[in-house]
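Secondary and tertiary structure notes
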Amino acid sequence: TARLELAIFGKVSKPALSSGGRTWTFDVDLKSGDRLYCKDGVNWRAVDAKRKMFASGRFSEPLPTLDGGESVFRFSSADDGAAAARIEMVKRYEKRK
């Protein structure tokens, strides 16, 4: 089993990730130089170019786990036409319990 880790860099308004009929929206507006991190699939934080946190949040439902096989994700935003962001996705394997 693996969990999804995300980082979003750059200008984007309310970025959202959709998969399996569910959508997770980060309620934040990022400017050029800003970064958003979600490393544990539940908690996220946004920092400015000086790495000062200016927003954070917590999802009531964690991002999907990756159980093998194909996974399909869709990214969107409140203003897709003005978005200029880079998205990094990392698959973090977890030890079996």
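Above this text is the structure in question.
My aim in this report is to walk through the structure given alongside it, one point at a time. (Residues numbered from 1 in each chain as written. Predicted model: local features only at pLDDT ≥ 70, side-chain atom pairs only at ≥ 80, totals over all residues. Heavy atoms only, no water.)

Section: the overall build of the protein chain
On a plain count of helices and strands, the protein chain comes out with zero helices and ten strands. Listed by position from the N terminus, the elements making up the protein chain come as β-β-β-β-β-β-β-β-β-β. Since a compact globule built from 97 residues should have a radius of gyration of about 13 Å, the 13 Å found for the protein chain is in line with a globular shape. Its C-alpha atoms give the protein chain principal-axis dimensions of about 40 × 25 × 20 Å. Residue burial in the protein chain is summarised as follows: out of 97 residues, 35% are buried. Counting only contacts in the protein chain whose residues sit at least 6 apart along the sequence, the fraction spanning at least 24 positions is 53%. Surface summary for the protein chain: the accessible area is close to 6400 Å², and the carbon and sulfur share equals 46%. For the protein chain, the separation between the mean place of its 19 positive charges and that of its 13 negative charges on side chains is 6 Å. (Helix = DSSP H or I, 4+ residues; strand = E, 2+ residues; numbered from the N terminus. Rg over C-alpha atoms; globule rule 2.2 N^0.38 Å. Buried < 20%, exposed > 50% of the residue type's maximum accessible area, 1.4 Å probe, protein only. Contact = heavy atoms within 4.5 Å. Areas by Shrake-Rupley, 256 points an atom, 1.4 Å probe, with all protein chains shown as cover. Lys, Arg positive; Asp, Glu negative; His and termini not counted. Charge placed at Lys NZ, Arg CZ, Asp CG, Glu CD.)

Focus: the pattern of salt bridges
This structure, assessed with the given rule, holds six salt bridges. A salt bridge links Asp 29 to Lys 14, with the nearest nitrogen and oxygen atoms 3.7 Å apart. Pair noted here: Asp 29 is in strand β4 (residues 29-30) and Lys 14 is in the loop between β1 (2-13) and β2 (16-19), with a separation of 15 residues, a long-range link. (Salt bridge = Lys/Arg side-chain N within 4 Å of Asp/Glu carboxyl O.)

Regarding unusual backbone geometry
The backbone of Lys 14 shows a phi angle near 50 degrees, a positive value even though the residue is not glycine. Not every positive phi belongs to a glycine, and Arg 51 is a case in point at roughly 65 degrees. Relative to the elements of secondary structure, Arg 51 occurs in the loop between β6 (43-47) and β7 (53-58).

Points about the side chain of Ser 18
Within the fold, Ser 18 resides in strand β2. Side chain to side chain, Ser 18 and Thr 23 meet in a polar contact 2.9 Å long. Those residues in contact with Ser 18, other than ones at most four positions away along the chain, are Thr 23, Val 72, Phe 73 and Arg 74. (Polar contact = N/O pair within 3.5 Å; in protein donor to acceptor, adjacent residues only side chain to side chain.)

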